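Reading the structure
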Amino acid sequence: SLPLPVCLETNSTLPKNFEEIKDKIDVFALTLKPDFIKEFVEVLSMVQGEDVFVRFIASRETVPKDVDTYAKIIAEINKNIPLIIEPLKDCKEPLPMQAMAQCHLDDVRVIPRIQWGSIHG
C-alpha cells in the first residue's frame, strides 16, 4: 500500500501478468501496439471501468484508416476511454488521424511525444 496513486504505463502485451498486478494500480496508461491487438483488447477489457487511457505512437507508416480501426476496437469496449495519439516527427497526418478516431471515441488528443529519447524517433 503506497500513500500516492500508482500509474502503470504498459505495452499491454502480457495479459496474464497484467491480471496479477492490476488491483495494485490506480491509473492505467495502455500503449496500443498494432502487432498485439488481441492482447491489448484483453488488457483493456480488464480495466475498462477504471482510470485508463490509451496511447498510440503514430509513425510515417501509420495512415488515418489504421487509427480509425483502432478507435473502433476501443469504442467496442468503452467509447469514453481517451485515446492519446503521439506522432513521431516523421508522421505526416496526425490531425486526420484524430478526426477519424473522433468518429468513434469521445476524447481523442494529439500531443507531442513525451518519452525521453523519442525526440529523434
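Everything discussed here concerns the structure shown above.
Residues numbered from 1 in each chain as written. Predicted model: local features only at pLDDT ≥ 70, side-chain atom pairs only at ≥ 80, totals over all residues. Heavy atoms only, no water.

**What about the overall build of the chain?**
Counting its regular elements, the chain contains four helices and five strands. For the chain, the α and β elements follow one another from N to C terminus as β-α-β-α-β-α-β-α-β. Relative to the globule expectation of 14 Å for 121 residues, the C-alpha radius of gyration of the chain, 14 Å, shows essentially globular dimensions. In terms of overall dimensions, the chain has a C-alpha envelope of 45 × 35 × 25 Å along the principal axes. Within the span of the chain, comprising 121 residues, buried residues form 40% of the whole. Accessible surface for the chain amounts to roughly 7,300 Å². Of this, 54% is attributable to carbon and sulfur atoms. The average position of the 14 basic charges and that of the 19 acidic charges among the side chains of the chain differ by 4 Å. (Helix = DSSP H or I, 4+ residues; strand = E, 2+ residues; numbered from the N terminus. Rg over C-alpha atoms; globule rule 2.2 N^0.38 Å. Buried < 20%, exposed > 50% of the residue type's maximum accessible area, 1.4 Å probe, protein only. Areas by Shrake-Rupley, 256 points an atom, 1.4 Å probe, with all protein chains shown as cover. Lys, Arg positive; Asp, Glu negative; His and termini not counted. Charge placed at Lys NZ, Arg CZ, Asp CG, Glu CD.)

**A word on the sheet that holds strand 5 (residues 108-110)**
Overall, parallel pairing links the five strands, which are arranged 1-2-3-4-5 in an open sheet. The two strands at the open ends of the sheet, each matched to only one other strand, are strand 1 (7-10) and strand 5. On average, adjacent strands in this sheet sit at an angle of 20° to one another, irrespective of strand direction. Summarising the sheet, strand 2 (residues 27-31) and strand 3 (residues 51-58) pair through five bridges and their orientation is parallel. Looking at strand 3, one finds that Thr-31 is bridged to Arg-55. Against the sheet, helix 2 (residues 37-46) engages strand 2 and strand 3, with an angle of about 165° to strand 2. Here helix 4 (residues 94-102) sits on the sheet in contact with strand 3, strand 4 (83-87) and strand 5, set at roughly 175° to strand 5. (Pairing = 2+ DSSP bridges. Axes fitted to C-alpha atoms, helices over the stretch in contact; angles between N-to-C directions. Contact = heavy atoms within 4.5 Å.)

**Brief notes about the side chain of Arg-55**
Inspection of the secondary structure puts Arg-55 in strand 3. Using a relative accessible area of 3% as the deciding quantity, one classes Arg-55 as buried. A distance of 2.9 Å separates the side chain of Arg-55 from the side chain of Thr-31, its partner in a polar contact. (Polar contact = N/O pair within 3.5 Å; in protein donor to acceptor, adjacent residues only side chain to side chain.)

**Side note on helix 4**
Burial in helix 4 covers these residues: Pro-94, Met-97, Gln-98 and Ala-101. Seen along its axis, helix 4 keeps its buried residues to an arc of 100°; they face one direction. Summarising the contacts, the buried residues of helix 4 are in contact with strand 3, helix 3 (64-77), strand 4 and strand 5. (Arc of directions from axis to C-beta.)

**With respect to the pairing of strand 4**
Of all five residues that make up strand 4, five are buried, and the element is covered over most of its length. Covered by surrounding structure in strand 4 are Leu-83, Ile-85 and Pro-87 together with Ile-84 and Glu-86, the residues of both alternating faces. Regarding the hand of the β-α-β motif, the stretch spanning strand 3, helix 3 and strand 4 is right-handed. Here strand 4 pairs with strand 5 via three bridges, running parallel. Looking at strand 5, one finds that Leu-83 is bridged to Val-108. Between the parallel elements strand 4 and strand 5, the chain passes through helix 4 in a crossover that is right-handed. (Right-handed = clockwise from strand over helix to strand, strands pointing away.)

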